[in-house]
Amino acid sequence: MPVYAAYGSNMDPKQMAEWAPHSPMRGTGWLPGWRLTFGGEDVSWEGALATIVEDADEQVFVVLYDVPEWDEASLDRWMGTDLGLYRKLRLRVATLEGDVLAWSYVLNSYEGGLPSARYIGILAEAAEKAGAPDDYVTSLRTRPCKKLGD
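Residues numbered from 1 in each chain as written. Predicted model: local features only at pLDDT ≥ 70, side-chain atom pairs only at ≥ 80, totals over all residues. Heavy atoms only, no water.

Take the nonpolar core next. Tyr4, Tyr7, Leu31, Ile52, Val60, Val62 and Leu75 are the most contacted members of the largest nonpolar core, which has 47 residues in total. The element best represented in this core is strand β3 (residues 49-66), accounting for nine residues. Discounting chain neighbours no more than four positions away, the residues touching Tyr7 are Leu36, Ala50, Thr51, Ile52, Val60, Phe61, Val62, Tyr86, Ser104, Tyr105 and Val106. (Core = buried A, V, L, I, M, F, W, Y, C linked by side-chain atoms within 4.5 Å. Buried < 20%, exposed > 50% of the residue type's maximum accessible area, 1.4 Å probe, protein only. Helix = DSSP H or I, 4+ residues; strand = E, 2+ residues; numbered from the N terminus. Contact = heavy atoms within 4.5 Å.)

As structure tokens, this is what we get:
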């Protein structure tokens, strides 16, 4: 079964249950050589959107889900792949059990712009619920962001 590596709001199993109800959480891991960043502020109504970019000195915490084909199609629609908002990329995820080949979504836009404070809160809560280390959650909570009304 295909494995999906979620680094954004899809880390939250409750959200994933709405968008891909037949896709159980498989575990967690890290994307070594990648960095969490934001972009696409021009295509979002609230601020920049989460994405990942290659960076040899960084790593990104991810939640892994087993995703059957029918849920993958639903998730693709939610993520806007048919609109060209995100594209899929196959990556190696480091887990305690060894490397896993998974796919993730990467934003089709330039890096830059600020996410909203609300969005940062959603990401931090999702990472915390998934068991991300405290320093990772803190780094999310302290990222620069747009305040309400900016």
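Next up on the list: the confidence of the model for the protein. A low pLDDT means the predicted coordinates there should not be read in detail. When pLDDT is averaged along the protein, the result is 93; 97% of the residues meet or exceed 70. The weakest mean pLDDT in the protein belongs to helix α1 (residues 13-19) at 91; the strongest belongs to strand β1 (residues 3-6) at 98. (pLDDT = per-residue confidence, 0-100.)

Let us look at helix α2 (residues 69-79). Those residues of α2 lying buried are Asp71, Glu72, Ser74, Leu75, Asp76 and Met79. Buried-residue contacts for α2 involve β1, α1, β4 (86-95) and β5 (98-107). Just past α2, the residue Gly80 takes up positive phi, approximately 75°.

Another point: the packing of aromatic side chains. Within the structure shown, the criterion is met by ten aromatic pairs. Cluster of aromatic residues (ring-pair linked, three or more members): Tyr4, Tyr65, Tyr86, Trp103 and Tyr105. Note that Lys88 overlies the ring of Trp103, its terminal NZ or CZ placed 4.5 Å from the centroid. (Phe/Tyr/Trp six-rings, centres within 6.5 Å; stacked < 30°, edge-to-face > 60°. Lys NZ or Arg CZ within 6 Å of the ring centre and 35° of its normal.)

Within the secondary structure layout, Asn108 lies in the loop between β5 and α3 (117-130). For Asn108, a relative accessible area of 38% gives the class partly exposed. For the pair Asn108 and Gly84, spaced 24 residues apart in sequence, the C-alpha to C-alpha distance is 6.8 Å. Aside from chain neighbours lying at most four places away, what touches Asn108 is Gly84, Leu85, Tyr86 and Arg87. Looking at Asn108, its side chain comes within polar contact range of the side chain of Arg87, at 2.8 Å. (Polar contact = N/O pair within 3.5 Å; in protein donor to acceptor, adjacent residues only side chain to side chain.)

Let us look at the pattern of salt bridges. Under the defined criterion, the tally for this structure stands at ten salt bridges. Among the ionic contacts, a cluster of salt bridges with common partners joins Arg35, Asp55 and Glu111. (Salt bridge = Lys/Arg side-chain N within 4 Å of Asp/Glu carboxyl O.)

Of all ten residues making up β5, seven are buried, and the element is well covered by its neighbours. Counted between consecutive antiparallel strands, the loop separating β4 from β5 contains two residues. (Pairing = 2+ DSSP bridges.)

Below, the discussion takes up the side chain of Ser9. Structurally, the position occupied by Ser9 is in the loop between β1 and α1. In this structure Ser9 touches Gln15, Ile122, Leu123 and Ala126, once residues within four positions along its chain are discounted.

What follows concerns α3. One turn of an α-helix holds 3.6 residues; hence residues three or four places apart share an orientation. Compared with the 20 Å implied by 1.5 Å per residue over 14 residues, the 20 Å span of α3 between its first and last C-alpha is a close match. Within the span of α3, buried status applies to Tyr119, Ile120, Leu123, Ala124, Ala126, Ala127 and Ala130. Along the axis of α3, the buried positions cluster into a sector of 160°, meaning they face one direction only. Every exposed residue of α3 that faces more than 90 degrees away from the buried side is listed here: Arg118 and Lys129. Residue Gly131 follows α3 closely and has a positive phi angle near 95°. (Expected span 1.5 Å × (residues − 1). Arc of directions from axis to C-beta.)

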